[in-house]
Amino acid sequence: MLSGLARRRISYVLRSPERSTLLLPFQRRTMSEISAPPSAVKRARPAIRSTKAAIMIQTPHAAKRLRDLLEGPTPQLIRIGVRNKGCAGLSYHLDYVEQPGKFDEVVEQDGVKVLIDSKALFSIIGSEMDWQEDALSAKFVFNNPNIKDACGCGESFTVS
């Protein structure tokens, strides 16, 4: 049982405007004096950077073509990614974006900045990008050392 004095102190704390601290008058520490546990302290996360370039622009022709694509009427970036497509499983995909995604890898070489989709990073790391033109087509060609299998036409590939 609580004594009369203890009951009056508790009722005073419950009725007082400072009850947000939820401390009894005989307690000396306030909530602002209590330090946060070490797990609640926000620390700067170290930036993880790969030691190997995600993709290299192999020839000046590829850099010039990318620069021409980026210097359009609206400032945009090119994101390189892969999609599930074709008989071997994956296919390269280039897309215009306004801003880089949260986890996109930014590769800048010869004054050209391209983005690598975070989902495609492990599939195309170490690849070389080239621009080839022949009598029938003009396209970007990727030389990927991670490819284990490719379809006959060369449009899709598999990595392991």
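This text goes with the structure placed above it.
It should be emphasised that the depicted structure is a prediction, and the values quoted were computed from it without experimental measurement. (Residues numbered from 1 in each chain as written. Predicted model: local features only at pLDDT ≥ 70, side-chain atom pairs only at ≥ 80, totals over all residues. Heavy atoms only, no water.)

A. Spatial organisation of the sheet that holds strand β1 (residues 55–57). Pairing in this open sheet of 3 strands is mixed, and the strands run β1-β6-β7 from one edge to the other. Whereas interior strands pair on both sides, the edge strands pair on one side only; in this sheet they are β1 and β7 (138–143). Taken over all neighbouring pairs, the strand axes of this sheet differ in orientation by 30° on average, direction set aside. Across 3 bridges, the pairing between β1 and strand β6 (residues 127–133) is parallel. Along β6, the bridge assignment pairs I57 with M129. (Pairing = 2+ DSSP bridges. Helix = DSSP H or I, 4+ residues; strand = E, 2+ residues; numbered from the N terminus. Axes fitted to C-alpha atoms, helices over the stretch in contact; angles between N-to-C directions.)

B. Unusual backbone geometry, seen in detail. Here D110, not a glycine, exhibits a phi torsion of approximately 55°, which is positive. Structurally, D110 is set in the loop between β4 (105–109) and β5 (112–116). The partly exposed category is assigned to D110, whose relative accessible area is 48%. (Buried < 20%, exposed > 50% of the residue type's maximum accessible area, 1.4 Å probe, protein only.)

C. Representation of the nonpolar core. Core analysis: the largest hydrophobic core is formed by 24 residues, its most contacted members being L66, I80 and I116. Of all elements in the fold, only β1, α2 (60–70), β2 (77–85), β3 (89–97), β5, α3 (121–124), β6 and β7 reach the threshold of two or more residues within this core. Counting residues per element, this core draws most heavily on α2, which supplies 4 residues. With residues near it in sequence (within four places) discarded, I116 still touches A54, I55, I80, D104, E105, V107, L121 and I124. (Core = buried A, V, L, I, M, F, W, Y, C linked by side-chain atoms within 4.5 Å. Contact = heavy atoms within 4.5 Å.)

In short, geometric facts, not functional conclusions.
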